[in-house]
Amino acid sequence: MTLSAAEFRKAMGCFATGVTIITVDLEGCVHGMTANAFASVSLDPMLVLVCVDHSTRTHAHLHAKKRFGINVLGEDQRAISEYYARPDRSHEHAETEAGARFVRTAHGTPMLHGSLAYLECRLHSAEEAGDHTIFIAEVEDVVVRDGDPLLYFRGKYRKVGAQSR
């Protein structure tokens, strides 16, 4: 059996995920990217992981800065996800084009206004894995708000439906 990249992508699309924006400050500018390859790793110490394609600008920024934010998007933040998923995005136009506004934490890390949750992270380790790097980070602070998440399933954005019984 020969597995194609398209078949693999289709199978992975069957796993519903939340949507995040990874944010990093570089020389006073907010840089970010949409990511759904994000997961909890450990409670003690509190660690999370995010997988980032080697070809993205954010990949180099995470290695250089070693501090970043993970913003879990709410159901009304689809435009922000789409904006930061574009390879040709210009960070200077995030607010005017997608409504993305940021505040800075005490460490200067950009936190997306209105996100469902925010995790402030310090890089713990990085592991090369194919065309991506798995960045494992220690969570130093969190902010959690009420609301429902933006979901991604089979190549489309979704909202939470009725509860299962």
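Everything that follows concerns the structure shown earlier in this document.
These numbers come from a predicted model, not from an experiment.

Turning to the environment of V142, a few remarks are in order. Counting through the fold element by element, V142 comes out in strand 10 (residues 132-144). In this structure, the C-alpha to C-alpha distance between V142 and E120, residues 22 residues apart in sequence, is 6.2 Å. If sequence neighbours within four positions are ignored, V142 has contacts with Y118 and L119.

All told, the structure shown has three aromatic pairs when counted by the stated rule. Seen in terms of ring centroids, Y84 and F102 are 6.4 Å apart; in terms of plane orientation they differ by 85°. Their pairing is edge-to-face. In this pair, Y84 sits in helix 3 (residues 78-85) while F102 sits in strand 7 (residues 102-104), placing the two residues 18 residues apart along the sequence. Overall, the relative accessible area of 2% leaves Y84 in the buried class. Members of the aromatic cluster, connected to one another through ring pairs, are Y83, Y84 and F102.

Definitions and cut-offs
- Residues numbered from 1 in each chain as written.
- Predicted model: local features only at pLDDT ≥ 70, side-chain atom pairs only at ≥ 80, totals over all residues.
- Heavy atoms only, no water.
- Helix = DSSP H or I, 4+ residues; strand = E, 2+ residues; numbered from the N terminus.
- Contact = heavy atoms within 4.5 Å.
- Phe/Tyr/Trp six-rings, centres within 6.5 Å; stacked < 30°, edge-to-face > 60°.
- Buried < 20%, exposed > 50% of the residue type's maximum accessible area, 1.4 Å probe, protein only.

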